[in-house]
Amino acid sequence: MPEIAADQEHQAPQPRTAAVPTYDAEILTDMLPLYYRRLFPHEPFYRWLSYGLTEDGVFCNREISFTLVDDIYIRYLCFDTQAELEKEICSRNPVKIDIGPVLHTRPKNHRTVPGGLIPVQRELVFDIDMTDYDDVRTCCSGAEVCQKCWKFMVLAARILDVALREDFGFEHILWVFSGRRGIHCWVCDYQARHLDGRGRFAVAEYLNIITYVNFSGGNSPRVAFGDRQHHSIKRALKIVEPMFEEVVLEDQNLFGTPKGVTKLLNMVHDDAARGELESYLKKNVEDGAHSRVVWETFLKYSNSMRTSSANAWSRKLKNIVQEVQLGLLYPRLDINVTRGFNHLLKSPFCIHPSTGKVCVPFSVSAVAKFDPTSVATITQLLHEINAFDDKTKSCTEEPESKIRIKDHKKTSMFKGVVVFEEFLSKLNRSLKASSLQF
């Protein structure tokens with residue numbers, strides 16, 4: 001079962017004595033030193049990437065990259081200790097930190113290693129970007145995101161999480177908001193980290209059930225069911241079906257325009273049946289009708305055709321309703337990220353330079369309550385620290401040393417750190433159960 005972050009509902013102290021300044025990307029470099037010194041969770045971050053030092057080179061051979069101001073990109077960094085990594089982060093104040101694989105030797109030796117660096121382990125990672133849903137979301141586009149289109153990410157996280165746990169037996173799965181419009185998934189089990197390239201390819205292909213067919217000048221999503229539905233397809237449908245009407249028909253009103261009706265028609269993968277359906281919709285649905293009306297008419301027609309006689313609707317298109325639902329709502333994976341052993345992925349707790357928001361972990365059990373539009377910016381976090389400190393000073397005369405509170409607990413980043421700590425605690429228990437010391 002997914003770990004349940006009970007403390008995710010807790011509210012950290014957030015005094016509001018003054019209006020929070022708007023994030024300004026121009027002064028990000030002025031704020032990063034304070035963020036890395038006071039808020040970045042250096043010790044938990046090290047505990048994660050070191051895995052209790054249970055394997056040789058698991059931390060010191062890990063490639064870390066920094067992106068500095070003016071897009072200066074530094075690869076092949078590696079560190080021996082937490083103190084060394086923390087010192088370098090606080091010294092360079094990177095705009096972005098990327099995490100790569102554990103290599104067979106120190107990454108910094110890349111120029112002198114005969115045959116080049118060889119990756120020996122790496123978390124199994126998934127990257128889901130909201131822009132891949134631009135053809136099915138009408139509320140936003142591009143870099144924009146709102147609570148309506150966040151539901152695509154809700155479904156993606158739920159479907160992937162249960163598949164990884166039930167079909168592959170993985171337990172240690174970290175979900176992270178990308179800071180702007182997507183989510184990242186880090187599978188940290190020993191077996192996942194040690195998958196070779198073929199194993200990663202197999203997992204990616206198993207989970208990637210959507211193919212795209214170029215049709216009428218655009219890509220139309222297709223899901224092949226086969227004669228017998230695989231159990232993973234049935235499980236995904238149980239997650240998708242209850243939210244299909246809310247997300248596709250109501251929030252997005254996807255079929256409420258001629259373009260949207262064409263998208264529905266293009267998912268019918270039989271030329272004759274598609275033409276018949278198009279004629280039926282033109283006769284029975286007014287232009288500009290709500291998606292709910294279009295969908296109900298489509299259901300009525302497909303059901304009547306499937307039961308009336310032996311035709312494409314009763315054979316080739318017998319699962320067309322479910323195929324449309326999954327084609328529109330199943331996770332759209334960047335499988336090259338998952339397949340790649342050498343791929344570097346943005347670290348949790350980075351600050352996204354465009355939005356100023358923290359790449360904060362979230363609990364999959366509470367993903368529907370996660371609001372990407374309210375994730376704290378670095379500006380807000382520093383404001384919250386100052387507001388908390390000012391209020392504390394005015395309410396107590398005790399020496400500061402006696403009431404020392406960790407800075408992240410003074411801010412709305414608190415919940416994300418709690419999720420991360422709970423993830424690490426479970427990982428710790430698993431390592432101890434395997435007679436390993438974390």
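Basis of the calculations
Residues numbered from 1 in each chain as written. Predicted model: local features only at pLDDT ≥ 70, side-chain atom pairs only at ≥ 80, totals over all residues. Heavy atoms only, no water. Core = buried A, V, L, I, M, F, W, Y, C linked by side-chain atoms within 4.5 Å. Buried < 20%, exposed > 50% of the residue type's maximum accessible area, 1.4 Å probe, protein only. Helix = DSSP H or I, 4+ residues; strand = E, 2+ residues; numbered from the N terminus. Contact = heavy atoms within 4.5 Å. Phe/Tyr/Trp six-rings, centres within 6.5 Å; stacked < 30°, edge-to-face > 60°. Pairing = 2+ DSSP bridges. Salt bridge = Lys/Arg side-chain N within 4 Å of Asp/Glu carboxyl O. Axes fitted to C-alpha atoms, helices over the stretch in contact; angles between N-to-C directions. Nonpolar A, V, L, I, M, F, W, Y, C, P; charged D, E, K, R; others polar. Polar contact = N/O pair within 3.5 Å; in protein donor to acceptor, adjacent residues only side chain to side chain. Expected span 1.5 Å × (residues − 1). Parallel < 35°, antiparallel > 145°, perpendicular 65-115°, else oblique. Left-handed = near helix turned anticlockwise from the far one by under 90°.

Draft legend 1. Molecular detail of the nonpolar core. Y35, W48, F255, W313, L326 and L328 are the most contacted members of the largest nonpolar core, which totals 131 residues. A total of 11 residues in this core trace back to one element, the largest contributor, which is helix α4 (residues 150-168). Discounting residues that sit within four places of it in the chain, W48 has contacts with I99, E123, L174, W186, C188, P348, F420, F423 and L424.

Draft legend 2. Quick peek at the environment of T297. Within the secondary structure, T297 is located in helix α10 (residues 291-308). Taking relative accessible area as the criterion, T297 reaches 12% and is therefore assigned buried. Sequence separation of T297 and N284 is 13 residues, and the distance between their C-alpha atoms is 7.7 Å.

Draft legend 3. Examining the packing of aromatic side chains more closely. Throughout the structure, instances matching the rule amount to 25 aromatic pairs. Between F168 and F170, the ring centres sit 5.9 Å apart and the planes meet at 10°, which makes this aromatic pair stacked. Judged by its relative accessible area of 29%, F168 is partly exposed. Judged by relative accessible area, F170 falls into the buried class, the value being 8%. Taking the centre distance of 5.3 Å and the plane angle of 40° together, the rings of F362 and F370 count as tilted.

Draft legend 4. Broad picture of the sheet that holds strand β5 (residues 124-129). Read across the sheet, 4 strands follow the order β5-β7-β6-β11 without closing on themselves; strand pairing throughout is antiparallel. Strand pairing shows two members of the sheet lacking a second neighbour, β5 and β11 (361-362), which therefore form its edges. Direction of pairing for strand β6 (residues 173-177) relative to strand β7 (residues 182-187): antiparallel, over a ladder of 5 bridges. Bridge assignment links L174 to a residue of β7, and that residue is W186.

Draft legend 5. Quick look at the pattern of salt bridges. Applying the stated rule across the entire model yields 26 salt bridges. When the shortest N-O distance is used, the salt bridge between E63 and R75 registers 2.7 Å. Of this pair, E63 sits in strand β1 (residues 62-68) while R75 sits in strand β2 (residues 72-77), and the two are 12 residues apart along the sequence. You can call E63 buried: its relative accessible area is 2%. Using a relative accessible area of 33% as the deciding quantity, one classes R75 as partly exposed. Residue D270 is joined to K316 by a salt bridge in which the shortest nitrogen-to-oxygen separation is 3.7 Å.

Draft legend 6. A look at the packing of α10 against helix α11 (residues 320-329). Two numbers describe how α10 lies on α11: the axes approach to 10 Å, and their chain directions differ by 145°. Contact residues: α10 offers W295, F298, L299 and S302, while α11 offers I320, V321, V324 and Q325. The residue inventory of the contact of α10 with α11, partitioned by class, reads 6 nonpolar, 2 polar and no charged.

Draft legend 7. Structural detail: the side chain of E123. Inspection of the secondary structure assignment puts E123 in the loop between β4 (119-121) and β5. Overall, E123 belongs to the buried group, its relative accessible area being 0%. A distance of 2.8 Å separates polar atoms of two side chains, one belonging to E123 and the other to R62. In contact with E123, other than residues within four places in its own chain, are W48, L49, Y51, R62, W186, V187, C188, R193 and R200.

Draft legend 8. The arrangement of α4 in detail. Given a rise of 1.5 Å per residue, 19 residues ought to cover 27 Å, and the 26 Å separating the end C-alpha atoms of α4 matches this to within 8%. In terms of burial, α4 is a largely internal element, 14 of the 19 residues being buried. After α4 finishes, the residue G169 shows a positive phi value of roughly 80°.

Draft legend 9. Up close: the environment of V367. Mapped onto the elements, V367 comes out in the loop between β11 and α13 (378-395). Each C-alpha atom, one on V367 and one on W150, is 9.4 Å from the other, the two residues being 217 residues apart in sequence. Those residues in contact with V367 that sit more than four places away from it in its chain are W150, V154, A157, R158 and F362.

Draft legend 10. Fine view of the packing of helix α2 (residues 42-50) against helix α3 (residues 82-92). Between α2 and α3, the shortest axis-to-axis distance is 10 Å and the interhelical angle comes to 125°. Here α3 runs oblique to α2, going by the angle between their axes. Between α2 and α3 lies a crossing of right-handed hand. The residues of α3 that touch α2, namely those facing H42, E43, F45 and Y46, are Q82, L85, E86, I89 and C90. Here the contact of α2 with α3 is composed, by residue class, of 5 nonpolar, 2 polar and 2 charged.

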